[in-house]
Amino acid sequence: MDQSQTTTAPRPGKVAYKRIATEEAFAPAEMLQIWRKILEGADPDPGFVSLIGFYMSSKSARARHIIECLTDLGEQRLHHMDEAGIDRQVIALTSPGVQVMDGESAVAFAKVANDELAEAVRKHPTRFTGMVAVAPQDPEAAAKEIERGVQKLGLNGVIINSHTHGEYLSDPKFWAIFEAAEANDTPIYLHPNTPPRNMIQPFLECGLDGAIFGFGVETGLHALRIITAGVFDHFPKLRIILGHMGEALPFWAYRLDYMHRATVKSERYACMKPIQKKPSDYLRENFYITNSGVADEAAIKYTQGMMGADRVMYAMDYPYQHAIEEVGILDNMSSTPEDKKRFYQTNAEVAFGLK
Ligand code: CA
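A brief look at the structure comes next. (Residues numbered from 1 in each chain as written. Predicted model: local features only at pLDDT ≥ 70, side-chain atom pairs only at ≥ 80, totals over all residues. Heavy atoms only, no water.)

### Quick notes on the overall build of the protein
- Helix and strand content of the protein: 17 helices and 9 strands.
- In terms of overall size, the protein behaves like a compact globule, its C-alpha atoms giving a radius of gyration of 19 Å where 355 residues would be expected to give roughly 20 Å.
- Dimensions of the protein, computed from the C-alpha atoms along their principal axes, are close to 60 × 55 × 45 Å.
- Put simply, the protein has 355 residues, and 57% of those count as buried.
- Counting every atom, the protein has about 15500 Å² of accessible surface; 54% of that belongs to carbon and sulfur.
- Across the protein, the centroid of the 37 positively charged side chains sits 4 Å from that of the 46 negatively charged ones. (Helix = DSSP H or I, 4+ residues; strand = E, 2+ residues; numbered from the N terminus. Rg over C-alpha atoms; globule rule 2.2 N^0.38 Å. Buried < 20%, exposed > 50% of the residue type's maximum accessible area, 1.4 Å probe, protein only. Areas by Shrake-Rupley, 256 points an atom, 1.4 Å probe, with all protein chains shown as cover. Lys, Arg positive; Asp, Glu negative; His and termini not counted. Charge placed at Lys NZ, Arg CZ, Asp CG, Glu CD.)

### Points about helix α13 (residues 249-265)
- Of all the bends in α13, the greatest measures close to 40° and is centred on R255.
- Every buried residue of α13 is listed here: L249, P250, A253, L256, D257, H260, T263 and V264.
- Packing partners of the buried residues in α13 comprise α10 (214-228), β7 (240-242), α12 (244-247), α14 (279-286), β8 (287-290) and α15 (297-307).
- Of the residues flanking the end of α13, it is E267, one or two places downstream, whose phi is positive at about 50°. (Bend = angle between axes of the 7 residues up to and from the residue. Contact = heavy atoms within 4.5 Å.)

### Thoughts on the pairing of strand β1 (residues 20-26)
- Summarising burial for β1: 7 of the 7 residues are buried, a large majority.
- Bridge analysis of β1 against strand β2 (residues 88-93) gives 5 bridges, and the strand direction is parallel. Residue pairing across strands places I20 opposite R88, the latter belonging to β2. (Pairing = 2+ DSSP bridges.)

### What to know about the sheet that holds strand β4 (residues 132-133)
- Taken in spatial order, the 6 strands make up an open sheet running β4-β5-β6-β7-β8-β9, and their pairing is parallel. Because the sheet does not close on itself, it has two edges, and the strands there are β4 and β9 (312-313).

### A few points about the pattern of salt bridges
- Scanning all chains against the criterion turns up 13 salt bridges.
- Put simply, R122 and E119 hold a salt bridge, and the shortest N to O gap is 3.1 Å. Note that R122 and E119 are positioned in helix α6 (residues 103-123) at a spacing of 3 residues, about one turn of the helix.
- For R148, the salt bridge goes to E145, with nearest N and O atoms at 2.9 Å. One end of the pair, R148, and the other, E145, are both in helix α7 (residues 139-152), 3 residues apart, so they sit about a helical turn from each other.
- Among the charged side chains, a network of salt bridges with common partners joins D115, E145 and R148. (Salt bridge = Lys/Arg side-chain N within 4 Å of Asp/Glu carboxyl O.)

### Observations regarding a nonpolar patch on the surface
- Judged by side-chain polarity, L208, I212 and F213 come together as a nonpolar surface patch covering roughly 300 Å² of accessible area.
- With respect to the secondary-structure elements, I212 resides in the loop between α9 (201-204) and α10. (Patch = residues over 30% accessible without salt bridge, like charges linked within 9 Å, V, L, I, M, F, W, Y side chains within 5 Å.)

### Here's the deal with the packing of aromatic side chains
- Counted by the stated rule, this structure contains 13 aromatic pairs.
- Residues F54 and Y55 carry aromatic rings whose centres are separated by 5.2 Å and whose planes lie at 65° to one another, so their mutual orientation is edge-to-face.
- Ring geometry for F203 versus F213: centroids 6.4 Å apart, planes at 35°, classification tilted. Here the residue F203 occupies a position in helix α9, and F213 occupies one in the loop between α9 and α10, the gap between them amounting to 10 residues. (Phe/Tyr/Trp six-rings, centres within 6.5 Å; stacked < 30°, edge-to-face > 60°.)

### A few points about the sheet that holds β1
- Spatial ordering of the open sheet is given by β1-β2-β3, a layout of 3 strands whose pairing is parallel. The sheet is open, and its two borders are formed by β1 and β3 (128-130), each paired with just one other strand. When the angles between neighbouring strand axes are averaged without regard to direction, this sheet yields 35°.
- One ladder, built from 3 bridges, connects β2 with β3; its direction is parallel. Across the sheet, the residue bridging to I91 is G130, located in β3.
- The sheet contacts of helix α17 (residues 337-352) involve β1 and β2, and relative to β1 the element is tilted by about 60°. (Axes fitted to C-alpha atoms, helices over the stretch in contact; angles between N-to-C directions.)

In C-alpha cells, the structure reads:
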C-alpha cells in the first residue's frame, strides 16, 4: 500500500463500541517458501501466478508492505490496529493458503499454520481471534482439523479460500467439512481466490482477475453453487460468512429467486434440483456478510435492509486494504447507535462465538 495513507489519515476517535475487524489476513513465512516452490514448479496455476507471483516479486511499496504485514502476528500488527482504532482482528490464513498445495502438503501445513495462529491468539487473547485453515483436498482430514482447531486450539470459524484446484464445495464429496463446521457450531468464512484455470483467461487478459472483480465473481459463484446444491437443506444450522458485501449476491437476490424458480420448474438442468427455500431465504438465514473492502454506506444500508442489521458486520481486509480513513467513514454512517454497535461489534461476537 501507499505508506502515506497510514500517516496522513486522522486516527479514528473513541466510540461507544468495540471495532472488530473480521477478514484480516496472515501468512506464515514458511508458507511463502512453499508458495515460492510452487511458483517455480511446472505449470503453476495462472491465478496464483498473477496474484502471489506479483506480491512475492514486486518491489512496489504496496506489495512490500503487504508481505511484511502478512507475516507479522505481533507488535507491528498491534501497532497498525491501534493506529486504526481496531480493538480486535479475526485473522485467517491468507488466500489461497494451503488450497494451492498438493493434498499431503496441504493437510500437514494447515496444522502448522493453525498452531502458529493459535499461539498468537494465546499471547494476545483480547486482540486476536483466529480461524482454522483446512485442506479441502482431504475432506476427512479437514473435518478432523476443524474439530482440533475449535476444541483444542480455541480457534473460532473456518477459512475456506474458495475453489481448490478448480473444485467447489457444492460437490458432496466435500460435505464432511460442512458437517464438521455444523457439529462444532462454528462458521465458515468463504473467502475469495483468483478464478481457476478454466475460468480466468477473460479476466486475466484485461487485469480484472484479482480483488478488483474476479475474486467477487468467483466467490459469489461458489456461494451460489453451495446454495443451489441444497447444502443448507442437509445442514440447516450451517453458517457461512461472505466478504465484500456478500460478493454482490444480496444485490442479485430478486433475480436469483425468480430465475431459480423458473429454471427448476422448466427442468432445464438435471443438476438444478428443487431446494426447500428460495436462494435469498438461505442468504438471510444461513449467511453473514462483511463489508470488507467496501466503505460504502449505501451498499451497507441496502445489504442491512435485505439481510437484516444483525447479519452485516465490519471488516477492514488488512493488510490488502489497510485504509485507516475508512474506519472514520464507517463510524460516521447515519445509523442508530444500536445498529452501529451491531455492525462493528455484536454481530461478530455472535457469528464467531466470541466471549
Ligand atoms: Ca481478504
